[in-house]
Amino acid sequence: ALTIGIVGLPNVGKSTLFNALTRAQVLAANYPFATIEPNVGIVPLPDPRLEVLAGIFGSQRILPATVSFVDIAGIVRGASEGEGLGNKFLANIREAEAICQVTRVFADPDVIHVEGKVSPKDDIETINTELILADLQTLEKAIPRLEKEVRGKKAEQGLLDAAIGARTLLEAGTTLFQGAAAAGLDPEQVAALQLMTAKPFIYVFNTDDAGLADAATQADLRAFVAPADAIFLDAKFESELVELEPDEAAEMLSETGIEEAGLDQLARVGFHTLGLQTYLTAGPKETRAWTIHRGWTAPQAAGVIHTDFQRGFIKAEVIGFDDLVETGSIAAARAAGKARVEGKDYVMADGDVVEFRFNV
Ligand code: GDP
């Protein structure tokens, strides 16, 4: 599954953030999810286009796309050596598509910092070091095996080269996400090695009011974690925000001058980091956002609704969201020549409003 693993040192606000995420999931009405797992938070991807479409079509319900976060407890200094939850923790990270690292910026003398002082950069280094050490352990086993396989013509030289290049980077203390492209490593071969630091990273800086107003510190931390995305939020505030009715929450946000709730930012950034986009379907029953990978073709996109749609795909009628809003209805969009008929090679664009034609 396309999940984002939440990691971080103890006492940085992971549970607070995760509780807010799971609360947001529970509050999101009419979700087609049968089971709610205790360590998974499935949150809606905010998309103002859905309300607009639902208005045009008189839809009874709206189903947004979702992003899944999994709470990965137990990273501490020494985790790669089996400290804390050790191996179980590493297995959980391996299963996630992306890693969201929660880092403490807030200063609160009542909340103990495990390393003795609040220092986001040091904390990031501590966690990265554990992940780097775990990857080096993986490579220590993989490289001799690959050498043998290359000699026996059972593995490609390119894969071995990537493994050796990766080891060099990791030994220099650089994660593959930050350094692999610059070092000229083949992205496909690196991906095939299934190393943890090659996954995309997102940083959540858990910040108090003073920190949210401190643009210089934010810019410095953003630069430090680039090319990863960084989000600054106050986990405690977010956990209070999800308890409010939507209109109350909006009022609270505008009072505090925060443009977008932190959880909404996290859902958006997470979705983007996973390489996903949505297309939209709308009718009197429901308006719905469907999740696909960027670059997918129309038949692949149809397959998300039903495998039969992909197998029997004939064509897609596509109207851009803006064109539909401008013309006001599908019929008007057709009359204005804004409805396009696309074939099986069409690459989906974000916000396409689609109706598929297919054989059963
Ligand atoms: P975890 O160990 O990373 O899961 O951290 P928790 O979410 O349990 O938070 C540890 C402590 O820090 C708790 O007492 C929280 O109430 C507090 N805390 C979490 N986020 C914030 C914050 O943004 N500001 C302040 N002042 N305290 C926070």
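Residues numbered from 1 in each chain as written. Predicted model: local features only at pLDDT ≥ 70, side-chain atom pairs only at ≥ 80, totals over all residues.

> Sorry, what's going on with the sheet that holds strand E2 (residues 40-44) here?
Within a sheet, each strand pairs with its neighbour through backbone hydrogen bonds, oriented either parallel or antiparallel. Strands sit in the order E2-E4-E1-E5-E6-E7 across an open sheet of six strands; the sheet is mixed. What marks the edges here is a single partner per strand, and that holds for E2 and strand E7 (229-233). Going across the sheet, the axis of each strand differs from the next one's by a mean of 25 degrees, ignoring polarity. Across six bridges, strand E5 (residues 98-104) lies against strand E6 (residues 201-206) in parallel orientation. Paired with glutamine 101 across the two strands is tyrosine 203, which belongs to E6. Set on the sheet, helix H4 (residues 120-151) makes contact with strand E1 (3-7), E5 and E6; between it and E5 the angle comes to about 145 degrees. (Pairing = 2+ DSSP bridges. Helix = DSSP H or I, 4+ residues; strand = E, 2+ residues; numbered from the N terminus. Axes fitted to C-alpha atoms, helices over the stretch in contact; angles between N-to-C directions. Contact = placed C-beta atoms within 7 Å.)

> Please explain the site of the ligand as it appears in this structure.
Close to the ligand lie 16 residues, the nearest being Gly13, Lys14, Ser15, Thr16 and Asp108. When residues of the shell around the ligand are traced back to their parent elements, those giving at least two are helix H1 (14-27) and helix H10 (235-241). Residues that form the shell around the ligand fall into these classes: five nonpolar, six polar and five charged. (Near = placed C-beta within 6 Å. Nonpolar A, V, L, I, M, F, W, Y, C, P; charged D, E, K, R; others polar.)

> What is the right way to look at helix H12 (residues 262-273) in this model?
An α-helical turn contains 3.6 residues, so any two residues separated by three or four positions project in the same direction. An ideal rise of 1.5 Å per residue puts 16 Å on 12 residues; H12 measures up with 16 Å between its terminal C-alpha atoms. Restricting attention to buried positions, one finds in H12 the residues Gly262, Leu263, Leu266, Ala267, Val269, Gly270, Phe271 and Thr273. A positive phi of about 80 degrees marks glycine 275, the residue just after H12. (Expected span 1.5 Å × (residues − 1). Buried ≥ 20, exposed ≤ 12 C-beta atoms within 10 Å, placed from the backbone.)

> Would you mind showing me how to read the UniProt feature "binding site: ATP" (unreviewed entry) in the chain here?
Taken from the UniProt record, the annotation "binding site: ATP" (unreviewed entry) applies to Asn11, Val12, Gly13, Lys14, Ser15 and Thr16. With respect to the secondary-structure elements, lysine 14 resides in helix H1. Those residues in contact with lysine 14, other than ones at most four positions away along the chain, are Ile6, Gly8, Asp71 and Val102. Note on placement: threonine 16 falls in helix H1. The partly exposed category is assigned to threonine 16, around which 17 C-beta atoms lie within 10 Å. Residues in contact with threonine 16, not counting those within four places in the same chain, are Ala235, Lys236 and Ser239. (UniProt positions renumbered as here; feature names shortened; annotations may be inferred.)

> Hey, could you run me through the environment of glutamine 265 in this one?
Among the secondary structure elements, glutamine 265 is positioned in helix H12. Exposure remark for glutamine 265: the 19 C-beta atoms within 10 Å place this residue in the partly exposed category. It is 30 Å that separates the C-alpha atoms of glutamine 265 and glycine 328, two residues lying 63 residues apart in sequence. Non-local contacts of glutamine 265, meaning those with residues more than four positions away in its chain, are made with Ile231, Leu233 and Glu260.

> How do you make sense of the environment of asparagine 39 when you look at a structure like this?
With respect to the secondary-structure elements, asparagine 39 resides in the loop between H1 and E2. Given 14 C-beta atoms within a 10 Å radius, asparagine 39 is considered partly exposed. Setting aside chain neighbours within four positions, we find asparagine 39 in contact with Val70 and Asp71.

> Would you mind showing me how to read unusual backbone geometry here?
Glycine aside, negative phi is the norm for most residues, and most peptide bonds take the trans geometry. Look at the link from alanine 226 to proline 227: it is a cis peptide, with omega at 10 degrees. Position of proline 227 among the secondary structure elements: in the loop between helix H9 (215-225) and E7. Its identity as a non-glycine residue notwithstanding, asparagine 11 has a phi of 70 degrees, on the positive side. Examined against the element boundaries, asparagine 11 turns out to sit in the loop between E1 and H1. With 14 C-beta atoms counted inside 10 Å, the residue asparagine 11 sits in the partly exposed group.

> Please clarify how the nonpolar core should be interpreted in this entry.
The tendency in soluble globular proteins is for nonpolar side chains to be buried as a group. The biggest cluster of nonpolar side chains holds 67 residues, and the ones touching the most others in it are Cys100, Ala166, Ile202 and Val204. For this core, the leading source of residues is H4, giving seven residues. Excluding residues that lie within four positions of it along the chain, isoleucine 202 makes contacts with Ile4, Ala98, Cys100, Ala228, Asp229, Val269, Gly270 and Thr273. Counting 23 residues, the second-largest nonpolar core is a separate cluster that includes Leu50, Ile292, Phe309 and Val353. (Core = buried A, V, L, I, M, F, W, Y, C linked by C-beta atoms within 7 Å.)

> I'm lost on the packing of H4 against helix H5 (residues 157-171) in this one. Help?
Packed helices, taken two at a time, are described by the angle between their axes plus the distance between the axes. Where H4 contacts H5, the two axes come as close as 9 Å, and the packing angle between them is 150 degrees. Considering the angle they form, H4 stands roughly antiparallel to H5. Handedness of the H4/H5 crossing: left-handed. Each of Ile132, Asp135, Leu136, Leu139, Ala142, Ile143, Leu146, Glu147 and Val150 in H4 lies in contact with H5, whose residues at this interface are Gln157, Leu159, Leu160, Ala163, Ile164, Ala166, Arg167 and Leu170. Each residue belonging to the contact of H4 with H5 can be placed in one class, and the counts come to 13 nonpolar, one polar and three charged. (Parallel < 35°, antiparallel > 145°, perpendicular 65-115°, else oblique. Left-handed = near helix turned anticlockwise from the far one by under 90°.)

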